[in-house]
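# Breakdown of the fold
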Amino acid sequence: RFVFRGFEKACHFEYKFDSGTEKDFAFILENDSNVKKWLRPSANQFRIYWSNSGRRYEPDFVVETDDCIYMVEPKEAGKVDNEDVQSKREAALQYCKYASKYNTENGGKPWKYALIPHDKITTTTGFEYLMSQYAV
């Protein structure tokens, strides 16, 4: 809805966020010393399909640290157990599995996925803490 500028660790200078939670998560990423860089993928940047209808999943964030790459999805707490959300999660976990296999065989970093309930994200929460609780 609103454009926010001035990010230093992000891959782009400005971003739009779909919710206050996403904006707060970007704040966490910018201020956590473990985060090297992050991005909000553009539409069609990933080819992650879920369900038999060929629907595409687009993650909200990709975050790089010294030893891992995380695909992160903040989600309204009441929707985390939704069937569609869980189907997208499974597709993202498959993607991370294959990306990790390829990367580790070729000197790269493993990928992990985190589905985080929105009410667990505050500007005082650390990225490492969130990943210890939700990353798979």
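Reading the values: rules and limits
Residues numbered from 1 in each chain as written. Predicted model: local features only at pLDDT ≥ 70, side-chain atom pairs only at ≥ 80, totals over all residues. Heavy atoms only, no water. Helix = DSSP H or I, 4+ residues; strand = E, 2+ residues; numbered from the N terminus. Rg over C-alpha atoms; globule rule 2.2 N^0.38 Å. Buried < 20%, exposed > 50% of the residue type's maximum accessible area, 1.4 Å probe, protein only. Contact = heavy atoms within 4.5 Å. Expected span 1.5 Å × (residues − 1). Polar contact = N/O pair within 3.5 Å; in protein donor to acceptor, adjacent residues only side chain to side chain. pLDDT = per-residue confidence, 0-100. Core = buried A, V, L, I, M, F, W, Y, C linked by side-chain atoms within 4.5 Å.

Turning next to the overall build of the protein chain. Check the secondary structure of the protein chain and you find three helices and eight strands. Counting helices and strands in the order they occur from the N terminus, the protein chain gives β-β-α-β-β-β-β-β-α-β-α. By the compact-globule yardstick of 14 Å for 136 residues, the protein chain fits well, its C-alpha radius of gyration being 14 Å. With the principal axes as the frame, the protein chain shows a C-alpha extent of 40 × 35 × 30 Å.

With that out of the way, let us pick up the side chain of Glu64. Among the secondary structure elements, Glu64 is positioned in strand S6 (residues 61-65). With a relative accessible area of 16%, Glu64 lands in the buried category. Apart from the residues lying within four places of it in its own chain, the contact partners of Glu64 are Asn34, Val35, Lys36, Lys37, Ile69 and Lys109.

Here helix H2 (residues 83-105) is 23 residues long and its end C-alpha atoms lie 33 Å apart, about the 33 Å a rise of 1.5 Å per residue gives. Buried within H2 are the following residues: Val85, Ala91, Ala92, Leu93, Cys96, Ala99, Ser100 and Asn103. Elements that come into contact with the buried residues of H2 comprise strand S4 (48-50), strand S5 (55-57), strand S7 (69-75) and strand S8 (111-117). Where H2 begins, the capping side chain belongs to Asn82, and its oxygen is found 2.7 Å from the backbone nitrogen of Asp84.

Further remarks concern the confidence of the model for the protein chain. Here the protein chain averages 92 in pLDDT, while 99% of its residues score no lower than 70. No element of the protein chain has a lower mean pLDDT than strand S1 (residues 3-5), which averages 81, and none a higher one than S8, which averages 98.

Glancing now at unusual backbone geometry. Leaving glycine out, the prevailing phi sign among residues is negative, and the prevailing peptide bond configuration is trans. Positive phi, normally seen in glycine, also occurs at Asn44, with a value near 70 degrees. Among the residues examined, Asn44 registers a relative accessible area of 44% and is labelled partly exposed.

Turning next to the nonpolar core. Across soluble globular proteins, nonpolar side chains show a tendency to be buried alongside one another. Grouped together as the largest cluster of nonpolar side chains are 39 residues, with contacts concentrated most on Phe25, Trp38, Phe61, Val63, Met71, Val72 and Phe127. Breaking this core down by element, the ones donating at least two residues are helix H1 (20-31), strand S3 (35-39), S4, S6, S7, H2, S8 and helix H3 (127-134). With six residues, H2 is the largest single contributor of residues to this core. Excluding anything up to four places from it in sequence, Trp38 contacts Phe7, Lys9, Ala10, Cys11, Tyr15, Phe17, Ala26, Leu29, Glu30, Phe61, Val62 and Val63.

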